[in-house]
Amino acid sequence: MASVFANVLKVHQWVYENSGGVVGHRLLFGNPTLLLRTVGRKTGQPRTSALTYGRDGADYLVTASNGGSPRPPGWLANVKAKPECEIQVGRRKLAAVARATLPDDPDYARRWAIVDKVNQGRYSAYQKMTERPIAVVVLTPVG
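So, here's what we can say about the structure. This is a predicted model, so every value here is computed, not measured. (Residues numbered from 1 in each chain as written. Predicted model: local features only at pLDDT ≥ 70, side-chain atom pairs only at ≥ 80, totals over all residues. Heavy atoms only, no water.)

On to the overall build of the protein, then. Scanning the protein for helices and strands turns up four helices and six strands. In the protein, the order of α-helices and β-strands from amino to carboxyl end is α-β-β-β-α-β-β-α-α-β. For the protein, long-range pairs separated by at least 24 residues make up 62% of all intrachain contacts whose partners lie at least 6 apart in sequence. (Helix = DSSP H or I, 4+ residues; strand = E, 2+ residues; numbered from the N terminus. Contact = heavy atoms within 4.5 Å.)

Right, here's the structure in full:
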């Protein structure tokens with residue numbers, strides 16, 4: 001079942017990218033989705049990930065859940081190595097800076113509640129599946 005869902009996510013991301021953002025922003029379960037563009041920390045190659053997001057003022061919040069896997073998603077290591085990234089929300093592209101937050105951050109619980117609500121409680125379910133604390137990544141637009 002996990003591979004079916006992974007394939008659905010790949011198709012969703014492909015549609016989002018290849019439609020220029022016209023289709024894809026709310027295609028997956030109706031959740032708002034952005035494209036996060038990073039640079040691979042090892043390869044230096046461009047990487048794109050479609051991620052559900054929440055808003056916290058001007059910031060966009062994404063969750064490094066990786067479906068509750070014991071390993072965080074690769075994009076998290078990429079933004080830790082190089083926080084400068086690009087996000088695409090619908091057809092709009094924005095330069096941004098990423099900052100991972102964990103439960104020791106005073107704003108983490110508030111941010112977690114925002115993203116978990118947007119994703120109908122799935123992140124709380126994912127957190128129960130893994131021992132690692134799942135990071136909430138703050139994407140702050142620049143410029």
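Moving on: the nonpolar core. Grouped together as the largest cluster of nonpolar side chains are 19 residues, with contacts concentrated most on Leu-34, Leu-36, Tyr-60, Val-62, Trp-75, Ile-87 and Leu-139. When residues of this core are traced back to their parent elements, those giving at least two are β1 (33-39), β2 (46-56), β3 (59-63), α2 (74-81), β4 (84-89), β5 (92-101) and β6 (136-141). Ignoring any residue separated from it by four or fewer positions in sequence, one finds Val-62 in contact with Leu-34, Leu-51, Thr-52, Tyr-53, Trp-75, Ala-135, Val-136, Val-137 and Leu-139. (Core = buried A, V, L, I, M, F, W, Y, C linked by side-chain atoms within 4.5 Å. Buried < 20%, exposed > 50% of the residue type's maximum accessible area, 1.4 Å probe, protein only.)

On to the sheet that holds β1. Within the closed barrel, the six strands sit side by side as β1-β2-β3-β6-β5-β4. Their pairing is antiparallel. Between one strand and the next, the sheet's axes are offset by a mean angle of 45°, whatever the strand orientation. Looking at chain direction, β1 and β2 are connected through seven bridges and run antiparallel. Residue pairing for β2: Thr-38 is matched across the bridge by Arg-47. Across the face of the sheet, helix α3 (residues 108-118) comes into contact with β2, β3, β5 and β6 while running at roughly 105° to β2. (Pairing = 2+ DSSP bridges. Axes fitted to C-alpha atoms, helices over the stretch in contact; angles between N-to-C directions.)

Here β1 pairs with β4 via four bridges, running antiparallel. The residue of β4 that forms the bridge with Leu-35 is Gln-88. Pairing geometry for β4 and β5, over six bridges, is antiparallel. Each residue of the ladder has a partner; that of Ile-87, found in β5, is Leu-94. Taking the residues that link successive antiparallel strands as the turn, the β4-β5 hairpin has two residues, and the phi of Gly-90 there is positive, at about 65°.

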